[in-house]
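The primary structure of each chain is shown beneath.
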Amino acid sequence: MKITNLGTREYASFYVACELYKEMSQNPHSKLGLATGGTMVQIYQFLVDLLSKNQLDVTNIETFNLDEYVGLDANHKESYHFYMNDVLFRRYPYFNSANIFIPNGHAEDLALEASRYEALINKRGPIDIQILGIGENGHIGFNEPGTDINSPTHIVNLTESTINANSRYFDDETEVPKQALSMGLATILKAKRIILIAFGEKKRAAIEALTKNEVDPTVPATILHAHPNVEIYVDDASAPRN
C-alpha cells in the first residue's frame, strides 16, 4: 500500500480518471468497481472527457457499483442509480445497460438482493479496478466500524456520523436513509487492483490510520493492508502528517 499526495483534488481526480481510461482502452472487457459521492464527481467528469475525445468503444465494459441506499428507487435524485446516470452513463451514452450493475436498494427482499449481487460479482468477476472513497470514520463502501472482515455484500445500518455526513445531500436530515446495501469487505478485497481517493482535512484522520500498517476493525479501510495491490491518492488537505 502506498499513499501518494497529488497536491490538489483536480490533479488527483485527473490521474484516477486516466487510470480508468487506460484500463478500459487496454482491456475492452474490463470490469470496473465504481464508487459514488462528492469525491468521485470530478473523476467522472474527466473520464467522460477522455472517453468522448477518443470515442472509446465501451460496449463490453462491465461496471459494478459499491453500494446503494435502502428505500430509494432508481429514479430518486439521491439514489446512486440516479447519481451514476447523471455523472457518467448519460454523459457518455455508449455503455451497454446490460453490463451496468448497481444493487437494488428498493428490493422487496433485501437479504436476497444482497446474495444476488454477491453471486453476480463472483460469477462475472473478478473486478479489475475497484475505486473507493473513504468515510471520516474510515468506512469503505458503507462498511462501518466493526464490520466483519469476511463480510460479503450485505445490509448495513449506517452510523450517526455517516448519516450526518450524507445529510448535506438531502433537504431534510430525516429523509436520509438509515440503511444501505454494500459490497462487503471480503467482496472488495477480491478486486485485482484497488484505488482509494481522499480529499479534504476531514479525511486526514482516516488516512493517517492507514499509515499504521495494521488491520484495525474500528477503521474498516485498514483491511486494505490485506490486499497486495492498493494505491491511495490524496490532496494536501488529507495527506497524513505523521
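See the structure printed just above.
So, here's what we can say about the structure. (Residues numbered from 1 in each chain as written. Predicted model: local features only at pLDDT ≥ 70, side-chain atom pairs only at ≥ 80, totals over all residues. Heavy atoms only, no water.)

What follows is about the overall build of the protein. Tallying secondary structure elements over the protein gives seven helices and 10 strands in all. Taking 2.2 N^0.38 as the reference for a compact globule, 242 residues should give roughly 18 Å; the C-alpha atoms of the protein span a radius of gyration of 17 Å, in line with that estimate. Taken along the three principal axes of its C-alpha coordinates, the protein extends 45 × 40 × 35 Å. Summed over its atoms, the accessible surface of the protein is roughly 10,900 Å², and 49% of this surface lies on carbon and sulfur atoms. Here the protein contributes 21 positively and 31 negatively charged side chains, and the mean placements of these two sets differ by 5 Å. (Helix = DSSP H or I, 4+ residues; strand = E, 2+ residues; numbered from the N terminus. Rg over C-alpha atoms; globule rule 2.2 N^0.38 Å. Areas by Shrake-Rupley, 256 points an atom, 1.4 Å probe, with all protein chains shown as cover. Lys, Arg positive; Asp, Glu negative; His and termini not counted. Charge placed at Lys NZ, Arg CZ, Asp CG, Glu CD.)

A few words now on the packing of helix α1 (residues 9–26) against helix α2 (residues 41–54). Across the interface, α1 lies against α2 with an axial gap of 8 Å and an inter-helix angle of 45 degrees. Between α1 and α2, the crossing angle belongs to the class labelled oblique. Both α1 and α2 take part in a crossing whose hand is right-handed. Touching Arg9, Glu10, Ser13, Phe14, Val16, Ala17, Cys18, Leu20, Tyr21 and Met24 of α1 are Gln42, Ile43, Phe46, Leu47, Leu50, Leu51 and Asn54, all from α2. Across the contact of α1 with α2, the residue classes tally to 12 nonpolar, three polar and two charged. (Axes fitted to C-alpha atoms, helices over the stretch in contact; angles between N-to-C directions. Parallel < 35°, antiparallel > 145°, perpendicular 65-115°, else oblique. Left-handed = near helix turned anticlockwise from the far one by under 90°. Contact = heavy atoms within 4.5 Å. Nonpolar A, V, L, I, M, F, W, Y, C, P; charged D, E, K, R; others polar.)

Here Ser30 lies in the loop between α1 and β2 (31–34). Side-chain polar atoms of Ser30 contact the backbone oxygen of Asn27, separated by 2.6 Å. When near neighbours in sequence (up to four residues on either side) are disregarded, Ser30 contacts Glu23, Met24, Asn60, Ile61, Glu62 and Asp128. (Polar contact = N/O pair within 3.5 Å; in protein donor to acceptor, adjacent residues only side chain to side chain.)

In this section: the pairing of strand β3 (residues 62–65). Here β3 shows two buried faces, one formed by Glu62 and Phe64 and the other by Thr63 and Asn65. Where β2 lies against β3, four bridges are found, and the strand directions are parallel. Opposite Leu34, over in β3, you have Asn65 as the bridge partner. Remark: the β2/α2/β3 crossover connection has right-handed handedness. In this structure, β3 lies alongside strand β5 (residues 100–101), joined through two bridges in parallel fashion. The partner of Thr63 across the bridge, within β5, is Ile100. (Buried < 20%, exposed > 50% of the residue type's maximum accessible area, 1.4 Å probe, protein only. Pairing = 2+ DSSP bridges. Right-handed = clockwise from strand over helix to strand, strands pointing away.)

The grouping of Glu160, Asp171, Asp172, Glu173 and Glu175 at the surface amounts to a negative patch. By the secondary structure assignment, Glu173 is in the loop between α5 (160–166) and β8 (179–182). (Patch = residues over 30% accessible without salt bridge, like charges linked within 9 Å, V, L, I, M, F, W, Y side chains within 5 Å. Salt bridge = Lys/Arg side-chain N within 4 Å of Asp/Glu carboxyl O.)

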